[in-house]
Amino acid sequence: MTDEVVTAAMLAIGDELLSGRTKDKNIGHLADILTAIGIDLEEVRIVPDDEDRIVEALNALRERYEYVFTSGGIGPTHDDITADAVAKAFDVPCEHDAAAMKLMGDNYASRGIEFTESRQRMARMPRGSAHIANPVSTAPGFHIGNVYVMAGVPSVFQAMVDNVIPTLRVGQKLLSRSVNCPFGEGAIAVPLRNIQATHPDTIIGSYPKYENGKFSTELVIRAREEEKLLAAESAVKEMVANIASQSAP
């Protein structure tokens, strides 16, 4: 177990995400997986199928974070331009990968399906890339530098993530505790801010709820060291108890 912090970002690509036509399922899945293994997902961007926008976002993210994961835009149609954009970001040619061509060609041949020019587009990747295996539909994703390029279809994305995870360097996991608070955020804002200030090595989040005509708040404390986590949790519980005693008739 390392005590280092390992950071990551995700770039979700596709006009359909921004229009609402497709509801993203990949961001939450990746966040869950990375949190579980000790990688902090610190930023997510969604960009359209526009090469310049993809290149701009990718270059910003890959310089800032240890890992960048992308989803979408590596299919057979004209608007699947992620491979071209990634190649441009790394300033290398985007070309048909020989191993991917054979892998896909053999797969289509075994199914009696023509390996058309459009399908061959899915074998294109930046020169120097390594494959990310796709056990669902064969066409591989790819990895270049600190960027991992995967499909947008959730089942394929998740299968690719499963193959990538064992290759990643991980850091110390964030521990978390939750405290249920029967008061709304307005009642706890000031004392909670003071607790956060006196426990700088923790992250305290407040998540409001409205049920049965009444506001309440779930307070989540996160930290990398259990001692600091428990100290902040104790302070939060004491805050809730103090507000309750002041509210009592």
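Structural data are supplied above this passage.
The structure reproduced in this document is the subject of the present report. (Residues numbered from 1 in each chain as written. Predicted model: local features only at pLDDT ≥ 70, side-chain atom pairs only at ≥ 80, totals over all residues. Heavy atoms only, no water.)

Thoughts on the pattern of salt bridges
Right, on to step 1. Tallied over the full model, the rule gives 14 salt bridges.
Right, on to step 2. Here Glu-51 makes a salt bridge to Lys-88, at a shortest N to O gap of 3.4 Å. With a gap of 37 residues between them, Glu-51 in helix α3 (residues 51-64) and Lys-88 in helix α4 (residues 82-90) connect regions that are remote in the sequence.
Right, on to step 3. Using a relative accessible area of 29% as the deciding quantity, one classes Glu-51 as partly exposed.
Right, on to step 4. A residue is classified by how much of its surface remains accessible, and Lys-88, at 45% relative accessible area, is partly exposed.
Right, on to step 5. A salt bridge links Arg-124 to Asp-84, with the shortest nitrogen-to-oxygen separation between them at 2.7 Å. One end of the pair, Arg-124, is in strand β5 (residues 124-126); the other, Asp-84, is in helix α4, and 40 residues separate them in sequence.
Right, on to step 6. On the basis of relative accessibility, which here comes to 16%, the residue Arg-124 falls in the buried class.
Right, on to step 7. Asp-84 sits in the partly exposed class, given a relative accessible area of 22%.
Right, on to step 8. One salt-bridge network, in which partners are shared between bridges, spans Glu-4, Glu-66 and Arg-169. (Salt bridge = Lys/Arg side-chain N within 4 Å of Asp/Glu carboxyl O. Helix = DSSP H or I, 4+ residues; strand = E, 2+ residues; numbered from the N terminus. Buried < 20%, exposed > 50% of the residue type's maximum accessible area, 1.4 Å probe, protein only.)

A closer look at the sheet that holds strand β9 (residues 175-181)
Right, on to step 1. Spatially, three strands are ordered β9-β11-β10 in an open sheet, and the strand pairing comes out antiparallel. This sheet does not close on itself; its edge strands, each paired only once, are β9 and β10 (202-211). Ignoring which end each strand starts from, the neighbouring axes of this sheet average 20° apart.
Right, on to step 2. Where β10 and strand β11 (residues 214-223) come together, 10 bridges link them in antiparallel fashion. Following the sheet pairing, Thr-202 is matched in β11 by Ala-223. (Pairing = 2+ DSSP bridges. Axes fitted to C-alpha atoms, helices over the stretch in contact; angles between N-to-C directions.)

Just geometry here; none of it tells us what the structure is for.
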